[in-house]
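So you can see what is in the structure, the chains are spelled out below.
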Amino acid sequence: MSIGVDVGGTSVRAGVVDRHGTVVDTARAPTPSAETALEDAIVAVVSGLAARHKIGAVGLAVAGFVTTDRRSVMFAPHLAWRDVAVADRISERLSLPVVLEHDANAAVLAEHRFGAARGSRVALLVAIGTGIGGGLLLDGRLFRGAFGVAPELGHLRLVPHGRPCSCGKSGCWERYCSGTALSVSAVELLARHPGRSTVLAREASIDARTVTGRKVAAAARDGDPLARRAMAELATWLGEGLALVADIYDPEIVVIAGGVSESAPLFLDDAREHYRKSITGAGYRPLARIRTAQLGDDAALVGAALLAADRT
Ligand SMILES: [Zn+2]
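What you see as residue numbers is a count from 1 along each chain, following the sequence as written. The model is predicted, so local features are restricted to residues of pLDDT at least 70 and side-chain atom pairs to those at 80 or more, both for listing and for counting; the totals for chains, interfaces and linings are taken over all residues. Calculated side-chain values reflect all of the structure's heavy atoms, with hydrogen atoms and water omitted.

Draft legend 1. Geometry of the nonpolar core. What makes a nonpolar core is a set of buried Ala, Val, Leu, Ile, Met, Phe, Trp, Tyr and Cys residues whose side-chain atoms join them at distances within 4.5 Å. Burial classification: accessible surface area is computed with a 1.4 Å probe over protein chains only, and a residue below 20% of its type maximum counts as buried, one above 50% as exposed, and the rest as partly exposed. Of all hydrophobic cores here, the largest spans 43 residues; its most connected members are V126, W173, L200, L238, L242, I256 and F267. Per-element tally for this core: the top contributor is helix α7 (residues 225-249), with eleven residues. Discounting residues that sit within four places of it in the chain, W173 has contacts with V126, I132, L153, G154, L156, L158, W237, L238, G241, L242 and V245. The next biggest cluster of nonpolar side chains, apart from the first, holds 30 residues, and it includes V16, V58, V66 and A87. Counting from the N terminus, the helices are the DSSP runs of H or I reaching at least four residues and the strands are the DSSP runs of E reaching at least two. Contact definition: two residues touch when any of their heavy atoms are within 4.5 Å.

In structure tokens:
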């Protein structure tokens, strides 16, 4: 068996994964902000699991740029590593082989082997959470680009002169289609239509920062009209963005993952409609199926474990 570790901005989640993709044991820890502490946390969760199971290798799924040899992290916006040979460092401490992969790449591998993208040749995974992460399989193989950083979908500029983004650009896709975007859209809508939404208006009147994407999604589920409108905006931009990506890669399946996908019943049909209308040659070409992920939160961890298992 192998261990997959999802090294995210808030937590380090590890799981022992068997060859059927089943997670048989798990451990987690909060993500420390300093480099050494982060590595200590990974070593601690993995060691705990390795003491209870016979482990052959470890895969780390990282929200960041990973070199083509899967040994180093070049850059990870929410983690301490900058040009660090993470695989060698962790491998030395654990005395186990270690491999790295971008978390969305790992997730699309897992969904392809065990989940929503099973049997497809060209599959795109779009993880919608705080931002957007993308993973792409072409002819059944992971497409990582020439330098390992493809596909970086979240920062495609969809809206000229649009909302400013932390990446330094503006109008990026994830500024309009993410949990963060739900919150921004709701606050903008509240400013334009004061009194439309009692729940969110009350939140915003205290502090606009408390109107999180999660709260907007919950309000939309309860039928709140303003939250539903924020959700409709997300659906529009999801469809528009997917149409743009589909014009390049022509996927047969698009898997929607990430925290926001839990609210899929509130936006997915709308997004499919926008996708159908926005794609080039609309009405005269087969369209990708757009579905939600099946492995949920475990996809990246399972994918990383798969890569580790393939190495042993
Ligand atoms: Zn950006």
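There's plenty left to go through after this.
Draft legend 2. A look at helix α6 (residues 213-221). When we look at burial in α6, the residues that qualify are G213, V216, A217, A219 and A220. All buried residues of α6 project into a common sector of 160° when viewed along the axis, lining one side. Throughout, the arc means the angular range of directions from the helix axis out to the C-beta atoms.

Draft legend 3. Examining helix α9 (residues 299-311) more closely. Every helix has an expected span of 1.5 Å times one less than the residues it contains. Between its first and last C-alpha atoms α9 spans 19 Å; for 13 residues at 1.5 Å apiece the expected length is 18 Å, and the two agree. Among the 13 residues in α9, ten count as buried, and that is most of the element. Of the residues making up α9, those classed as buried are A299, A300, L301, V302, G303, A304, A305, L306, L307 and A308. On its buried face, α9 is in contact with β1 (2-7), β2 (11-17), β3 (23-30), β4 (57-62), β8 (98-102) and α3 (103-114).

Draft legend 4. Structural context of the coordination of the zinc ion. Donor selection uses N, O and S atoms within 2.8 Å of the metal (3.2 Å for Na, K and Ca). Since no water is included, sites may look incomplete. On the protein side, the zinc ion has H155 (ND1), C165 (SG), C167 (SG) and C172 (SG) as donor atoms, found 2.0 to 2.4 Å from it. Around the zinc ion, the four donor atoms are arranged such that angles at the metal cover 104 to 118°; this shape is classified as tetrahedral. Motif for the zinc ion, donor spacing along one chain: H-x9-C-x1-C-x4-C. You can see H155 sitting in the loop between β11 (141-142) and α4 (179-192) and its partner C167 sitting in the loop between β11 and α4, a full twelve residues away along the chain. According to the relative accessible area criterion, H155 is buried, its value standing at 19%. For four-coordinate sites, all angles between 85 and 135 degrees define a tetrahedron; for four- and six-coordinate sites, opposite donors beyond 155 degrees with the remaining angles between 65 and 115 define square planar and octahedral shapes respectively, and all other cases count as irregular.

Draft legend 5. Broad picture of the packing of aromatic side chains. Each Phe, Tyr or Trp ring (for Trp, its six-membered ring) is paired with any other whose centre lies within 6.5 Å, and the angle between the two planes then decides the class: stacked below 30 degrees, edge-to-face above 60, tilted in between. Tallied over the entire structure, the rule returns three aromatic pairs. Between Y176 and W237, the ring centres sit 5.3 Å apart and the planes meet at 55°, which makes this aromatic pair tilted. Remark: W237 occurs in helix α7 and Y176 occurs in the loop between β11 and α4; sequence separation between them is 61 residues. Judged by relative accessible area, Y176 falls into the buried class, the value being 9%.

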